[in-house]
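Here's the letter readout for the chains.
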Amino acid sequence: TGAPVGDLKTFMGDAQFEKTLGAGGVVTVEGQYYLFDQYDVFGRKHAYYGLASWLTPNKIGVGKLQPLVRLQQATAQVAGPPTWTMVDAYLTYVMDDYFLRVAAGYSHGDVGTSPTSNAVFLGVQMQR
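The present account deals with the structure reproduced in this document. Here the residue numbering is sequential within each chain, running from 1 through the sequence in written order. Residues qualify for local features only when their pLDDT is at least 70, as the model is predicted, and side-chain atom pairs are given and counted only at 80 or more; totals for whole chains, interfaces and linings, by contrast, use all residues. Note: side-chain values were computed over all heavy atoms of the structure, leaving out hydrogens and water.

### A few points about a nonpolar patch on the surface
Working step 1: Each patch groups residues whose relative accessible area exceeds 30% and which form no salt bridge, using 9 Å between like charges and 5 Å between nonpolar side chains of Val, Leu, Ile, Met, Phe, Trp and Tyr. Only the protein chains shown count as cover for residues, with accessible areas throughout obtained via the Shrake-Rupley method and a probe of 1.4 Å. By definition, a salt bridge exists where a carboxyl oxygen of Asp or Glu is found within 4 Å of a side-chain nitrogen of Lys or Arg. Judged by side-chain polarity, Val 102, Leu 122, Val 124 and Met 126 come together as a nonpolar surface patch covering roughly 450 Å² of accessible area.
Working step 2: Counting from the N terminus, the helices are DSSP H or I runs at least four residues long and the strands are E runs at least two residues long. Examining the composition of the nonpolar patch, we find that three residues originate from one element, strand β7 (residues 117-126), more than from any other.
Working step 3: Mapping Val 102 onto the fold places it in strand β6 (residues 100-110).

Set out below in structure tokens:
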């Protein structure tokens, strides 16, 4: 079968909250929700995204640590597996006010069929 025919109408909402906790560091929480009035071309009807992180208050060397957890999920497929889920966990070393960071992480993906995916990674991000 092919992609649905007709107009696809969507609703998307997102929110972000970031709070400095004084001597307790900085906490960040993000969330997103997507609703499709029809199934999109991948068969999804709902999708969700959530993220939580905490930036340590004190420097360790030239930077601060930031643990982070992220969840992404899509549900209600027309055919096949009913959901797919991605879970990521990072430990980031943030230097120079977010302009330079090094991250180590783990990612787990489950699209409802075997096998599931697992990945360990190391990355560097530089901005100027």
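### Side note on the packing of aromatic side chains
Working step 1: Only centres within 6.5 Å qualify two rings of Phe, Tyr or Trp (six-membered ring in Trp) as a pair; their planes then separate them into stacked at under 30 degrees, edge-to-face at over 60, and tilted for everything else. A full pass over the atoms with the stated rule returns three aromatic pairs.
Working step 2: Taking the centre distance of 5.5 Å and the plane angle of 45° together, the rings of Tyr 33 and Tyr 48 count as tilted. Within this pair, whereas Tyr 33 is found in strand β2 (residues 26-36), its partner Tyr 48 is found in strand β3 (residues 46-55), the two being separated by 15 residues in sequence.
Working step 3: Each residue gets one of three labels from its accessible area relative to the maximum for its type: buried under 20%, exposed over 50%, partly exposed in between, using a 1.4 Å probe on protein chains only. Residue class for Tyr 33 comes out partly exposed when judged on its relative accessible area of 26%.
Working step 4: The exposure class assigned to Tyr 48 is partly exposed, which follows from its relative accessible area of 35%.
Working step 5: Centroid distance Tyr 90 to Phe 121: 5.3 Å. Interplanar angle 70°. Geometry classified as edge-to-face. A residue pair is termed long-range when its members are at least 10 positions apart, and Tyr 90 in strand β5 (residues 83-95) and Phe 121 in strand β7 qualify at 31 residues.

### Focus: the pattern of salt bridges
Working step 1: Applying the stated criterion to the full structure yields one salt bridge.
Working step 2: Its salt-bridge partner being Asp 88, residue Arg 70 comes within 2.9 Å of it at the nearest N-O pair. Within this pair, whereas Arg 70 is found in strand β4 (residues 63-75), its partner Asp 88 is found in strand β5, the two being separated by 18 residues in sequence.

### A look at the environment of Gly 112
Working step 1: Counting through the fold element by element, Gly 112 comes out in the loop between β6 and β7.
Working step 2: Taking relative accessible area as the criterion, Gly 112 reaches 46% and is therefore assigned partly exposed.

### Topic: the sheet that holds β7
Working step 1: Reading across the sheet, the seven strands line up as β1-β2-β3-β4-β5-β6-β7 and stay open at both edges, with antiparallel pairing between neighbours. Of all the strands in the sheet, just β1 (10-20) and β7 have a single pairing partner and so form its edges. Within the sheet, the average angular offset between the axes of one strand and its neighbour, ignoring direction, is 10°. We treat two strands as partners when DSSP finds at least two bridges between them. Lines fitted to C-alpha atoms define the axes, with helix axes restricted to the stretch in contact, and inter-axis angles between N-to-C directions lie between 0 and 180 degrees.

### A word on the environment of Trp 54
Working step 1: For Trp 54, the location among the structural elements is in strand β3.
Working step 2: Take Trp 54: its relative accessible area is 35%, and that puts it in the partly exposed class.

### Let's talk about the side chain of Asp 88
Working step 1: The exposure class of Asp 88 is buried, given its relative accessible area of 4%.
Working step 2: A distance of 2.6 Å separates the side chain of Asp 88 from the side chain of Ser 107, its partner in a polar contact.
Working step 3: Contact partners of Asp 88, with chain neighbours within four places excluded, come to Leu 68, Val 69, Arg 70, Gln 72, Tyr 106 and Ser 107. The definition of a polar contact used here is a pair of N or O atoms within 3.5 Å, where within protein one atom must be able to donate a hydrogen and the other to accept one, and adjacent residues in sequence count solely through side-chain atom pairs. By definition in these notes, contact holds between two residues if any of their heavy atoms fall within 4.5 Å.

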